[in-house]
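Structural overview for review
Below, each chain spelled out in residue letters.
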Amino acid sequence: MWDDGFPSFLIGLREGLEAGLIVSLLIATLVRAGAKSRLPQVWTGVLAAIALALSFGAVLTFTAASLSATAQEAFGGTLSVISVAFVTAMVFWMRRSARSLSGEIKQKVTQALAMGAGMLIVTSFLAVGREGLETALFLWTTARAAGESAGPLTGAGIGLVLAAGLCWGLYRRVLKINLTKFFTATGAVLVVIAAGVLGYGLRDLQEGGVLPGKSAYAVDLSGSIDAGSWYSTLVQGVFNLTPTMTWLQVAGYVAYLATVMTLFVRGVRTAPSAKPEPAGKAPEKPETAVKADEKPETAVKADEKPETAVKADEKPETAVKADEKPETAVKADEKPDAAQPSGSRPARRAPEPVAPERRRPVWVVPVAVVAVPSVLAGLTVALSGSKPAGAQTVAVSETDCGKGFSAPRPGRQTFQMHNTGNKTSEVYLVDPASNAVYGEIEGLAPGTTRDLVATVAGGSYAWRCVPTGGKAVTSQAVRVTGGGGAKAVVPVSENDLAAPLKAYKAYVGQGLATLVTQTRKLSDDIAGNHLDTARTDWLTAHRTYSSLGAAYGTFEDFDKKINGRADGLPGGVNDPDFTGFHRVEYGLWHGQSADQLKGPAQQLADAAAGLQKAFPTQTFDPGDLPLRAHEILENTLQFELTGDTDQGSGTELATADANLSGTRELLTVLTPLLTSRAPHLLPTVGTDIDRVRKLLDGAHQGDSWTPVDHLDATTRDRLNGATGQLLEDLAPVPDLLEIRKSA
């Protein structure tokens with residue numbers, strides 16, 4: 001949370017201080033000009049700016065919620081790039097304007113006083129409104145990048161409160177801050193943060209299909225860096241740098257950082273030699289937003305009287321509105337003659353009384369400036385078709401499914417599913433025509449309520465409830481119009497997986513026949529004391545077994561006998577229960593004699609023969625096929641690529657290569673189901689597999705494989721990263737091909 005909050009804290013502090021300094025200068029100028037009665041107009045403009053910023057944030061949030069997932073990526077990426085442009089412009093503007101900000105504000109206020117109340121409101125609104133819009137946009141972007149809003153909003157809130165405290169201290173003359181140094185230091189940090197936001201935005205645009213290169217990775221450390229570690233989370237939260245970045249992200253990050261930081265630093269170095277102020281005008285110190293040692297009357301020129309907030313060549317009454325009587329220019333609590341210079345002629349006879357002017361209530365303008373942007377934001381959200389989440393509560397039971405369901409608006413929606421029945425149910429939001437699933441809840445217990453989130457677009461929708469031990473119940477369908485395409489998963493039944501299962505069982509049967517032959521030869525090698533040949537044959541047989549990974553759950557106790565490890569055994573590698581390939585490996589590469597290895601080798605051959613005989617009658621869960629498509633290489637990354645399973649042969653990469661071959665074979669039998677549900681998945685996965693295979697091929701010569709711990713750091717990082725990316729792209733397979741009761 002706090003790592004995600006730092007960028008927002010910095011932007012809240014900086015933008016809050018900018019806006020606060022402007023408000024402080026506005027107030028100070030009015031007080032020194034003797035126009036305290038105009039202060040409510042300043043606060044009205046500030047209130048309008050705050051209302052505009054909040055309304056803008058609401059429009060961003062609810063408009064994005066109404067988009068499809070792809071459109072949300074494109075929308076978020078575009079706004080990220082725009083926010084970077086705003087922040088960059090703000091950094092350079094504030095660095096350039098810190099010295100002259102006070103004089104510029106005083107000049108604008110003096111002009112606004114002469115033009116009436118409306119212009120003073122506009123002046124304060126424009127001065128603060130820009131900062132508010134920039135803050136809203138950047139906060140929305142950082143919250144989206146963080147994936148949650150608590151951290152960014154908390155950080156921004158702390159920054160704004162601190163900025164308000166600093167501005168109060170400056171105004172009350174108890175603090176002095178070198179604004180030039182402050183904005184220079186925070187500007188440099190913001191340039192680095194903005195570079196990360198730009199990289200994140202470019203990635204979103206790639207995910208949204210706006211920019212190419214989605215799968216072209218320049219950096220892939222997902223296999224060697226724990227994305228959930230504190231240091232990784234800190235770097236991602238503060239700088240938006242992720243373990244996996246595309247070439248476009250890296251190029252955009254480096255180009256922006258190099259260009260903008262160079263210009264920023266160059267501008268800082270040349271600032272002292274800037275063109276001096278015009279003669280006769282004392283330069284302002286950067287730290288004095290409100291000068292602590294300045295007397296009130298120094299807000300105006302030395303040759304002017306304090307009360308003349310208007311120009312010297314104007315008559316005093318021109319500071320009031322054209323439709324006001326001249327004598328109303330004085331304050332209500334002053335005596336009439338106080339507005340006249342000493343020694344002036346007596347006041348003329350009062351004009352005949354006229355009907356008093358009807359004044360509007362003081363609350364009208366403040367309410368209006370808040371109501372107008374709020375109403376406009378509400379209309380924008382309504383016309384965009386978005387709707388707050390959690391709008392519908394839907395009841396389900398074993399007899400009635402979908403009670404309370406009405407046609408939702410397009411966009412991302414949250415449905416509160418409440419089980420009013422007596423049985424636990426599976427709940428699905430489906431397309432009744434194709435049975436495609438848009439969202440699901442597994443195991444909704446009686447009397448409980450859980451949220452189901454789904455993206456709704458144009459099409460037909462219905463609820464399907466499958467109670468435990470009961471029949472499926474489907475609600476009446478509703479029709480939704482408008483909106484982009486929503487992603488749905490066509491459910492898979494056991495019957496759909498029957499053909500792939502049959503094909504894979506045939507593949508495993510052939511592999512087991514080969515394994516029996518190879519383990520017998522290995523046993524014969526050891527019995528004949530041909531240990532060098534045995535080492536070669538051991539690797540051949542072990543690679544064969546490793547390529548059958550999807551069936552491990554079916555092999556039952558045979559897997560422990562054939563490929564068990566010493567981990568957890570009381571005697572370790574010397575424990576009698578340590579058997580199979582790794583037991584033989586330990587003996588062959590730790591100098592054990594043929595006599596010591598005859599027994600383990602024969603046990604291995606017998607276990608392989610027993611598995612071949614038992615396999616046709618073993619139960620092979622069809623649901624294991626899509627699960628193993630991801631799990632085989634997940635185990636490879638955890639065990640083989642860390643060297644955890646090595647017992648001396650140093651052939652972990654050969655085993656990883658066999659696991660890769662087994663995964664490819666499994667995907668081959670699942671191709672018909674995957675192609676119809678995710679046509680772009682297999683080409684992407686194929687590219688990933690080729691990349692991993694190329695890295696593995698570079699790690700061996702003939703039958704000699706490089707041990708994992710002998711790889712150089714760069715090669716090892718690339719291999720881990722490529723395997724991690726392959727796992728990420730395989731991750732949807734179990735969900736796409738999960739057996740669902742709705743089918």
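Look a little higher up for the structure.
In this report, the structure presented in the accompanying data block is examined. (Residues numbered from 1 in each chain as written. Predicted model: local features only at pLDDT ≥ 70, side-chain atom pairs only at ≥ 80, totals over all residues. Heavy atoms only, no water.)

**A look at the sheet that holds strand β4 (residues 401-403)**
Ordered in space as β4-β3-β5-β8, the four strands form an open sheet in which the pairing is mixed. Sheet topology places β4 and β8 (449-456) at the edges, where each strand pairs with a single neighbour. The sheet shows a mean angle of 35 degrees between the axes of neighbouring strands, direction not considered. Sheet topology note: the strand β3 (residues 392-396)/strand β5 (residues 411-419) ladder contains five bridges and is parallel. By the bridge assignment, Q392 is partnered in β5 with F415. (Pairing = 2+ DSSP bridges. Helix = DSSP H or I, 4+ residues; strand = E, 2+ residues; numbered from the N terminus. Axes fitted to C-alpha atoms, helices over the stretch in contact; angles between N-to-C directions.)

**With respect to the packing of aromatic side chains**
Geometry of an aromatic ring pair is reported as the spacing of the ring centres plus the angle between the planes. Within the structure shown, the criterion is met by twelve aromatic pairs. Ring plane angle 75 degrees and centroid distance 6.1 Å describe the contact between F555 and F615, whose orientation is recorded as edge-to-face. Of this pair, F555 sits in the loop between α12 (531-546) and α13 (557-563) while F615 sits in the loop between α15 (594-614) and α16 (624-638), placing them 60 residues apart in sequence. Pairwise contacts between aromatic rings join W538, Y545, F555, F581, W589 and F615 into one cluster. Over the ring of F558 we find K561; its NZ or CZ atom is 5.4 Å from the centre of that ring. (Phe/Tyr/Trp six-rings, centres within 6.5 Å; stacked < 30°, edge-to-face > 60°. Lys NZ or Arg CZ within 6 Å of the ring centre and 35° of its normal.)

**Considering the pairing of β3**
Counting buried positions along β3 yields four of five residues, so the element is predominantly enclosed. The pairing of β3 with β4 spans two bridges and is antiparallel. Bridge pairing in β4 places A395 opposite K403. Between β3 and β4, which pair antiparallel in sequence order, lie four residues. (Buried < 20%, exposed > 50% of the residue type's maximum accessible area, 1.4 Å probe, protein only.)

**What about α12?**
Think of an α-helix as 3.6 residues a turn; residues three or four steps apart then line up on the same face. Between its first and last C-alpha, α12 extends 22 Å over 16 residues, near the 22 Å set by a 1.5 Å rise per residue. For α12, the full list of buried residues reads L531, A534, D537, W538, L539, A541, H542, T544, Y545 and S546. For α12, the elements touching its buried residues are α11 (498-527), α13, α14 (581-588), α15, α17 (652-677) and β13 (704-705). (Expected span 1.5 Å × (residues − 1). Contact = heavy atoms within 4.5 Å.)

**Points about α14**
Taken across its eight residues, α14 has eight buried, putting it largely inside the fold. Taken as a whole, α14 has its buried residues at F581, H582, R583, V584, E585, Y586, G587 and L588. Each element contacted by the buried residues of α14 is listed here: α11, α12, α13 and α15.

**Quick word on the packing of α11 against α17**
The interhelical angle for the contact between α11 and α17, taken along N-to-C directions, is 155 degrees, at an axis separation of 9 Å. As summarised for this structure, α11 and α17 are arranged roughly antiparallel, according to the angle between their axes. Read as a crossing pair, α11 and α17 show a hand that is right-handed. In this structure, α11 uses P500, A503, Y504 and Y507 to contact α17, whose residues at the interface are G662, E665, L666, V669, L670 and L673. Among the residues making up the contact of α11 with α17, the classes are represented as eight nonpolar, one polar and one charged. (Parallel < 35°, antiparallel > 145°, perpendicular 65-115°, else oblique. Left-handed = near helix turned anticlockwise from the far one by under 90°. Nonpolar A, V, L, I, M, F, W, Y, C, P; charged D, E, K, R; others polar.)

**Concerning the state of the cysteines**
Put plainly, two cysteines are in a disulfide when a covalent bond ties their sulfur atoms together. Within this structure, the stated rule accounts for one disulfide. In this model, C401 is linked to C465 through a disulfide, with the two sulfur atoms separated by 1.9 Å. Here the S-S torsion is close to 70 degrees, and the disulfide linking C401 with C465 is therefore right-handed. Placement of the pair is C401 in strand β4 and C465 in strand β9 (residues 459-467), with a sequence separation of 64 residues. On the basis of relative accessible area, C401 is assigned to the buried category, the value being 4%. Assessed through its relative accessible area of 0%, C465 is described here as buried. (Disulfide = S-S within 2.5 Å.)

**Here we look at the nonpolar core**
Y504, I526, F555, L653 and L666 are the most contacted members of the largest nonpolar core, which totals 72 residues. If one sorts the elements of this core by residue count, α17 sits on top with ten residues. Setting aside chain neighbours within four positions, we find L653 in contact with L641, L696, A699, W705, T706, V708, L711 and L719. (Core = buried A, V, L, I, M, F, W, Y, C linked by side-chain atoms within 4.5 Å.)

**Considerations on the pattern of salt bridges**
All chains considered together, the criterion is met by eleven salt bridges. In this structure, the salt-bridge partner of D657 is R543, at a minimum N-O distance of 3.1 Å. Placement of the pair is D657 in helix α17 and R543 in helix α12, with a sequence separation of 114 residues. We classify D657 as buried; its relative accessible area is 7%. Of the residues examined, R543 reaches a relative accessible area of 26% and is grouped as partly exposed. A salt bridge links R565 to D644; its shortest N-O distance comes to 2.3 Å. Remark: D644 occurs in the loop between α16 and α17 and R565 occurs in the loop between α13 and α14; sequence separation between them is 79 residues. Accessibility expressed as a relative area gives 27% for R565, which makes it partly exposed. Residues joined by salt bridges that share partners form a network here, namely K521, D525 and D537. (Salt bridge = Lys/Arg side-chain N within 4 Å of Asp/Glu carboxyl O.)

**Remarks on the side chain of Q618**
Looking at where Q618 falls in the secondary structure, it is placed in the loop between α15 and α16. With relative accessibility at 8%, the residue Q618 sits in the buried group. Setting aside its immediate chain neighbours within four residues, Q618 contacts T554, F555, E556, F558 and L611.

**Notes on the side chain of N563**
Looking at the secondary structure, you find N563 in helix α13. If sequence neighbours within four positions are ignored, N563 has contacts with H542, Y545, F581 and H582.

**Some details on the packing of α11 against α12**
One way to put it is that α11 packs onto α12 with a least axis distance of 9 Å and a crossing angle of 165 degrees. What the angle tells us is that α11 and α12 run roughly antiparallel. In this structure, α11 meets α12 at a crossing whose hand is left-handed. Judged by residue contacts, G511, T514, L515, Q518, T519, K521, L522, D525 and I526 of α11 engage L531, T533, A534, D537, W538, T540, A541, T544 and Y545 from α12. Looking at the contact of α11 with α12 residue by residue, the class counts come to eight nonpolar, seven polar and three charged.

**Thoughts on unusual backbone geometry**
One non-glycine residue, N435, lies in the positive phi region at around 65 degrees. Despite not being glycine, N529 shows a phi value in the positive range, around 65 degrees. Among the secondary structure elements, N529 is positioned in the loop between α11 and α12.

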